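# Results of the structural survey
Letter by letter, the chains look like this.
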Amino acid sequence: MANTSLIGTDLGKARSILESDGLVAIPTETVYGLAGNALSEKAVSRIFAAKNRPSFDPLIVHVGEVSEMDRWALKVDERARQLAETFWPGPLTLLLLRKALIPDIVTAGSPLVALRMPDHPLSLELLRSMDFPLAAPSANPFGYISPTTAGHVADQLGEKVDYILDGGPCRVGLESTIIGFPEGRPRVYRKGGIPVEKLEEVLGEVQVTAHSSSNPEAPGMLKSHYAPAAAFFLGDIQALLKEHSGKKAGLIRFRKEIPGIPEDRQIVLSATGDLTEAARNLFAGMRRLDTLGLDVILAEPVPEDGLGRAINDRLRRAAAR
Ligand code: TXA
Ligand code: MG
């Protein structure tokens, strides 16, 4: 059972905890973040410890204003500026040359800092009330599914976090898209809440890095991630059901259930085929199935366009074990 006194909407309490190097889980439009003062090594090392996160995996720095780009980053590329003006606040993270004010521990020693302005009224108000930005990874134990409600955070991190600011269920439900400009060319390192097509409307053609467990350009974009405890398989549902017949299976389907399998073991991402709705339902659905003591979770990919590309990416990573 979650400790409910840990959860609330008290911005003053959140702020005073953050000002004394404590940890607060914050709502964003994508997923909940586990936030601490990005300028405090003490606070940031607590984040790594609470998540059990390896120190080579850097953290995103969250800001409350577009103008803060120039406070924390050097030589901001014109295209990065244009992206921030177009998509912030929103699910886009920019990799920029960091200023020395950002401690090494935040970027895992990289010369780049990841910056993002989240689109959630509570967190924006919190960020704007403080004179430091917030380092925040997704508020889940390392390698597990990202939380999309305050309750998910409490279930998994419990007393490891000092307070959970409850902003309701996350509107987007998938992490931010991460883009950088290696050798001056735009490259997406993580597919997320802003579809690549939207970025291309602003930038022209954008390269997309296929996920990998050993890509030094993209630390922490580990291939196996978002993994529920049950064995997870992605493919054609009928073929998977045949392959795993006799096992207690849960299903993740795009539009409709499969007759003959108990309904409570099936997650339908969007009955109307809406990828935005599907993205919002994905992580909560994976979590719900993972509470049922299943042998296997069987999932089918969604159409590979718009947000579907990010959804399929998460499904592939959940299956990559
Ligand atoms: O939507 C989101 O981005 C959420 C919310 C809370 O803002 N945050 C999130 O954080 O997903 P996290 O830590 O779970 O994923 C951040 C990713 C990691 O894969 C990390 O390696 C990468 O961003 N990253 C952070 N800083 C980086 C840097 N300086 N260079 C390269 N990659 C970086
Ligand atoms: Mg994460």
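Here's a quick rundown of the structure. All values derive from a computational prediction rather than experimental measurement. (Residues numbered from 1 in each chain as written. Chains lettered and ligands numbered in written order. Predicted model: local features only at pLDDT ≥ 70, side-chain atom pairs only at ≥ 80, totals over all residues. Heavy atoms only, no water.)

### Here we look at helix 7 (residues 150–157)
Here helix 7 has its buried residues at Ala150, His152, Val153, Ala154 and Leu157. In this fold, the buried residues of helix 7 make contact with strand 1 (7–8), strand 2 (24–26), strand 3 (33–37), helix 2 (41–51), strand 9 (163–165) and helix 10 (275–290). Directly after helix 7, the chain includes glycine 158, whose backbone phi takes a positive value near 45°. (Buried < 20%, exposed > 50% of the residue type's maximum accessible area, 1.4 Å probe, protein only. Helix = DSSP H or I, 4+ residues; strand = E, 2+ residues; numbered from the N terminus. Contact = heavy atoms within 4.5 Å.)

### A closer look at the sheet that holds strand 15 (residues 266–268)
The strand order 13-16-14-15 describes an open sheet built from four strands, whose pairing is parallel. In this open sheet, the two edge strands, each paired with only one partner strand, are strand 13 (231–234) and strand 15. Adjacent strand axes in the sheet meet at a mean angle of 15°, parallel and antiparallel pairs treated alike. Sheet topology note: the strand 14 (residues 249–253)/strand 15 ladder contains three bridges and is parallel. Looking at the pairing, leucine 251 lines up with glutamine 266 of strand 15. Helix 11 (residues 308–319) contacts strand 13 and strand 16 (296–299) of the sheet and is inclined by roughly 135° relative to strand 13. (Pairing = 2+ DSSP bridges. Axes fitted to C-alpha atoms, helices over the stretch in contact; angles between N-to-C directions.)

### Details of the pattern of salt bridges
Per the stated rule, a full pass over the model turns up 14 salt bridges. Two residues, aspartate 70 and arginine 81, come together in a salt bridge whose shortest N-O distance is 2.9 Å. A residue pair is termed long-range when its members are at least 10 positions apart, and aspartate 70 in helix 3 (residues 69–72) and arginine 81 in helix 4 (residues 78–87) qualify at eleven residues. With a relative accessible area of 34%, aspartate 70 lands in the partly exposed category. Note that glutamate 78 is salt-bridged to arginine 81, the shortest N-O span being 3.5 Å. Of this pair, glutamate 78 and arginine 81 both sit in helix 4, three residues apart, which is roughly one turn of the helix. Here arginine 81 falls in the partly exposed class, since its relative accessible area comes to 21%. Through salt bridges with shared partners, a single network forms among Glu175, Asp313, Arg314 and Arg317. (Salt bridge = Lys/Arg side-chain N within 4 Å of Asp/Glu carboxyl O.)

### A short note on the packing of helix 1 (residues 11–19) against helix 6 (residues 121–128)
Direction vectors running N to C along helix 1 and helix 6 enclose 50°, while the axes themselves pass 10 Å from each other. Here helix 1 is positioned oblique relative to helix 6, judged by the angle of their axes. Handedness of the helix 1/helix 6 crossing: right-handed. Across the interface between the two elements, Leu11, Ala14, Arg15 and Leu18 from helix 1 touch Leu122, Glu125 and Leu126 from helix 6. (Parallel < 35°, antiparallel > 145°, perpendicular 65-115°, else oblique. Left-handed = near helix turned anticlockwise from the far one by under 90°.)

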